[in-house]
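Fold and geometry: a report
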Protein chains: 2
Amino acid sequence: MTDAPPPATTPAPRPADAVPDDFHVFDTTLRDGAQREGINLTVADKLTIARHLEDFGVGFIEGGWPGANPRDTEFFQRAREEIDFRHAQLVAFGATRKAGVRVEDDPQVAALLASGAPVITLVAKSHVGHVELALRTTPEENLAMVRDTVAYLRDQGRRVFLDCEHFFDGYALDPVYAKRVVRTASEAGADVVVLCDTNGGMLPAQITAVVRTVLADTGARLGIHAQDDTGCAVANTLAAVDAGATHVQCTANGYGERVGNSNLFPVVAALELKYGRQVLPDGKLAETTRISHAIAEVVNLTPSTHQPYVGVSAFAHKAGLHASAIKVDPDLYQHIDPALVGNTMRMLVSDMAGRASIELKGKELGVDLGDDRELVGRVVERVKERELAGYTYEAADASFELLLREEVQGRALRYFTVESWRAIVEDRPDGTHANEATVKLWAKGERIVATAEGNGPVNALDRALRVGLERIYPQLAPMELVDYKVRILEGALGTGSITRVLVSTSDGRGEWSTVGVAENVIAASWQALDDAYAYGLLRAGVEPQD
Amino acid sequence: MTDAPPPATTPAPRPADAVPDDFHVFDTTLRDGAQREGINLTVADKLTIARHLEDFGVGFIEGGWPGANPRDTEFFQRAREEIDFRHAQLVAFGATRKAGVRVEDDPQVAALLASGAPVITLVAKSHVGHVELALRTTPEENLAMVRDTVAYLRDQGRRVFLDCEHFFDGYALDPVYAKRVVRTASEAGADVVVLCDTNGGMLPAQITAVVRTVLADTGARLGIHAQDDTGCAVANTLAAVDAGATHVQCTANGYGERVGNSNLFPVVAALELKYGRQVLPDGKLAETTRISHAIAEVVNLTPSTHQPYVGVSAFAHKAGLHASAIKVDPDLYQHIDPALVGNTMRMLVSDMAGRASIELKGKELGVDLGDDRELVGRVVERVKERELAGYTYEAADASFELLLREEVQGRALRYFTVESWRAIVEDRPDGTHANEATVKLWAKGERIVATAEGNGPVNALDRALRVGLERIYPQLAPMELVDYKVRILEGALGTGSITRVLVSTSDGRGEWSTVGVAENVIAASWQALDDAYAYGLLRAGVEPQD
């Protein structure tokens, strides 16, 4: 807490293109979302995320707790200056006044005003156990704290939302008191009273029943804040809407403490696509996938491949059986058109691959297979044969594209020929390791011999390959291995086990995945690297060698 | 499909400790879960997962589609022979007979019988659009296909469940026809008719309404199969139970096509802890976390840190504001006691292993930790330190037992000392590979130098080690590497990535798993081998060296 709060600032005006007030999409990624284990946001990160959320078109962006830590105080100051809010209003989060203190004298409340945020969310206890144990005060004083703080901030020209922490657990224990808190806040001028399932233990049917009763008994405008501890946060949010809540608190990608919060993206998608209620500005829903991934990048977490609506797998089909039917009518096999949320359908090439899925995949990659049934047949045969040998193309799009293009063009798309290579790993008596690799190659008519060390044998091979080739292909310079996976497969027909390696490579502008299969991990890695660089050079527009 | 199906096999009898039939927990990890992008299960993987599910106590394990691919056919044969089913019944999945074919003549139906599975799930269309487009037949013939196939399999002594694919979409389009399919199946003898939200687009309120109506109108016993495309699969499953469904189809960790299926663990936890309905055998709910993580290891996916109930973050609290209140009454800050599902509350990021879990684990392994609080503290510290470095003991019981016994006995339990080793992999101009390893060891006072070749560098190291040691320790002879998994972990603090290897070893009587972590795959493999043979010799009763 700051001891000497800065003077109160005039609140920012309501933005011109603010979304209608009858339904609130309220984002708390920057405050509650940041509680997720592993997330640690700088002020710059918070500003970037706020821009993405403003761009997405949420109505409210809760930025943090000004006064509680200097980072949040700085964020509010800079957000006011640096971000052009056209849709969203900035929200400061804080607590009701301390027990036994006049609200005018509470420095934490003063810091809320000083943030200049036009909207303030106050957190309050509505669970008698928490009032006594955490606040160490009486239920009556807690009500006074709510009443005084809401009224004071209203008098200062701020809009106030009140978060009832642990509401549903408190309601189960003492519904009369829980409802008194709601009524007190509403009567003191809170625009919305938000019922929070802070411990996240509720299920949708419970939420619907409680919200319906509280709405009927208090007449307050209600909001919902759900945590995902039962795996039902999205459903709980919608259950509250079903019961009459008109304000939903969510976080991008469901980030939050423990399991996480209600995920903004499936909530918004359900409201717009399933309920038919527009809650974002025109055209913004189609930005969902982009914004979800962009925010993941800022917080430095890999975007979940299986996140509803926005995951890279969310509209991926293992073709097989249904491929021909999907070709005729994709809508029979997907709950929405993925373009509505900015995602795309993908056909996975798997060992059940048939002609129809290869044709679809070719179309997706922009490779024209025309009406050449014989060509498609050849690709199907090659994929089947390779998958029987242990390859998988589902997770190695670049290897599949190379295979496809080689069949279409009727020639190998390669940039160098390997004569031989060698990798040595040595564990020395002092416990350290030496990793050394040598490659012998031919490229553009030249014989190249290169040796390099690395932190492991594959890294040493990778370096030797690049040392040898970078002079001839400077386009390799920005390419970098970003992921590496190994799987041991049982051999077919008792031939012993085989090793499959999947490699992801990036050139700073995009990523691609390749696969290698061999009887040992080094040889399989080499194959995956070979494909990775061939695809990278193809992508960079370099002409393959004959 | 097989052309000439093997003869029908007598179905396996109902297991002795089968869970009561009034509510079905039906797992389809091995069939529908395997549709997840990136999952590719061998028969050995499927058997291991089936053992975990049997151990967890689900009522039904859907193993795959016998006859549709040789792997599934082999799985059913081996599962019958190799797994001692005490709780679960094995289920074979297949389709109704082809249009225009007599059910007795359909080889796919014959393969279902040949699997010997006592229960068969038949998938059928209940959506007129799919009947016409995917099956290319008439709605009436589709009903006949359902009727004939269910009746035939019942006559052959099998229990039949019918999956109505695309039920909810079909119901929206033509509720009369959708209900006719349910009634037809039920009247023909299907024990359960499972309503499938195949495209996953439903929300809980819709599920409840449809299930309630179908139940009232048909009187059939109903099940639910939900996909997670709206992020509501768990809630949708529970919504169907609320409406009267008594059979839930789920997958471990929610694996499945696109976004995934309804997740077995939060569904079971909600049924037991929120609904108060026991659906697992006594004491099994506390195995939830362990089994969730073990299955993730088998499919080679990182266990989700944020999965409800079982994630390592699921009961993690960023200490601070509430720390002291949590200490006084943790139940005010968690929706359930994490021990109920085998998880633990964590207050600090580094607090990975608690005393209680170490004590429990010691008891499980038969290692007496007595009341020695200092000893337990030392083990906790060592586990924390090693897990921070990338080790995982959840899937490496043998490495953990070695660590534990070494602390208890206060000495290393080792059988040889390594001086150095070296592995060479060479790709020759003719495309073949040479893999050679040399080890230099001390055992029983003798210096041993041994060299061997292998099909890869790890295999060569393994052989060199055994060539060197088998004369001194003949007990090594029956030991054999049976599984080998590699995962690349992101390094902490920018130190680059590290490699974790998990090895399973068998001596023909049992299997054990060990872990190694190092900056490269060969060195990590060596560590895991070192532990594997130390544990194997300990298990064989050989006295360790001093």
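Residues numbered from 1 in each chain as written. Chains lettered and ligands numbered in written order. Predicted model: local features only at pLDDT ≥ 70, side-chain atom pairs only at ≥ 80, totals over all residues.

An unreviewed UniProt entry lists chain A under the name Citramalate synthase, with Streptomyces tubercidicus as the source organism. What UniProt states about chain A under its Catalytic activity (unreviewed entry) heading is, verbatim, "pyruvate + acetyl-CoA + H2O = (3R)-citramalate + CoA + H(+)". We quote the UniProt Pathway (unreviewed entry) comment for chain A here in full: "Amino-acid biosynthesis; L-isoleucine biosynthesis; 2-oxobutanoate from pyruvate: step 1/3." (UniProt positions renumbered as here; feature names shortened; annotations may be inferred.)

Time to look at the sheet that holds strand S4 (residues 119-125) of chain A. All names here are of chain A. Around the barrel, eight strands lie side by side as S1-S2-S3-S4-S5-S6-S7-S8; this closed barrel has parallel pairing. Sheet twist, expressed as the mean angle between neighbouring strand axes with direction ignored, is 25°. With two bridges connecting them, strand S7 (residues 222-226) and strand S8 (residues 247-250) associate as parallel partners. Residue pairing in the sheet places Ile 224 in a bridge with Val 248 of S8. (Pairing = 2+ DSSP bridges. Helix = DSSP H or I, 4+ residues; strand = E, 2+ residues; numbered from the N terminus. Axes fitted to C-alpha atoms, helices over the stretch in contact; angles between N-to-C directions.)

Contacts between the two partners involve 82 residues from chain A, matched on the other side by 82 residues from chain B. Residue contributions to the side of chain A that touches chain B peak at nine residues, all from strand S11 (residues 417-427) of chain A. For the side of chain A that touches chain B, the per-class residue count stands at 38 nonpolar, 25 polar and 19 charged. Pairing of S11(A) with strand S9 (residues 417-427) of chain B involves seven bridges; the strand directions are antiparallel. From the neighbouring strand, A:Glu426 faces S9(B), where its bridge partner is B:Arg422. (Contact = placed C-beta atoms within 7 Å. Nonpolar A, V, L, I, M, F, W, Y, C, P; charged D, E, K, R; others polar.)

Before going further, it helps to examine the pairing of strand S5 (residues 159-165) of chain A. Residue and element names in this part refer to chain A. Burial runs high along S5: seven of the seven residues are buried. Strand direction decides the pairing type here: S4 and S5, joined by seven bridges, are parallel. In the sheet register, Lys 125 faces S5, and the bridge partner there is Glu 165. Here S5 pairs with strand S6 (residues 192-197) via four bridges, running parallel. (Buried ≥ 20, exposed ≤ 12 C-beta atoms within 10 Å, placed from the backbone.)

Residues and elements named next belong to chain A. Taken domain by domain, chain A consists of domain 1 (24-299), domain 2 (316-388) and domain 3 (416-472). If you average the C-alpha positions of domain 1 and of domain 2, the two centres end up 44 Å apart. In this complex, domain 1 contributes eight residues to the contact, which on the side of domain 2 involves six residues. Elements supplying a minimum of two residues to the side of domain 1 that touches domain 2: helix H10 (264-274) and helix H11 (288-299). Element by element, the count of residues in the side of domain 1 that touches domain 2 is highest for H11, at three residues. (Domains from an automatic or database assignment.)

On to unusual backbone geometry. All names here are of chain B. For Arg 258, which is not glycine, the phi torsion reads 55° and is therefore positive. Looking at the element boundaries, Arg 258 is found in the loop between strand S8 (247-250) and helix H10 (264-274). C-beta crowding within 10 Å serves as the criterion here: with 27 such atoms nearby, Arg 258 is assigned to the buried category. Positive phi is not limited to glycine here, since Lys 444 has a value of about 45°. When you line up the elements, Lys 444 lands in the loop between strand S10 (433-443) and strand S11 (446-453). Taking the number of C-beta atoms within 10 Å as the measure of exposure, Lys 444 has 11 and is therefore exposed.

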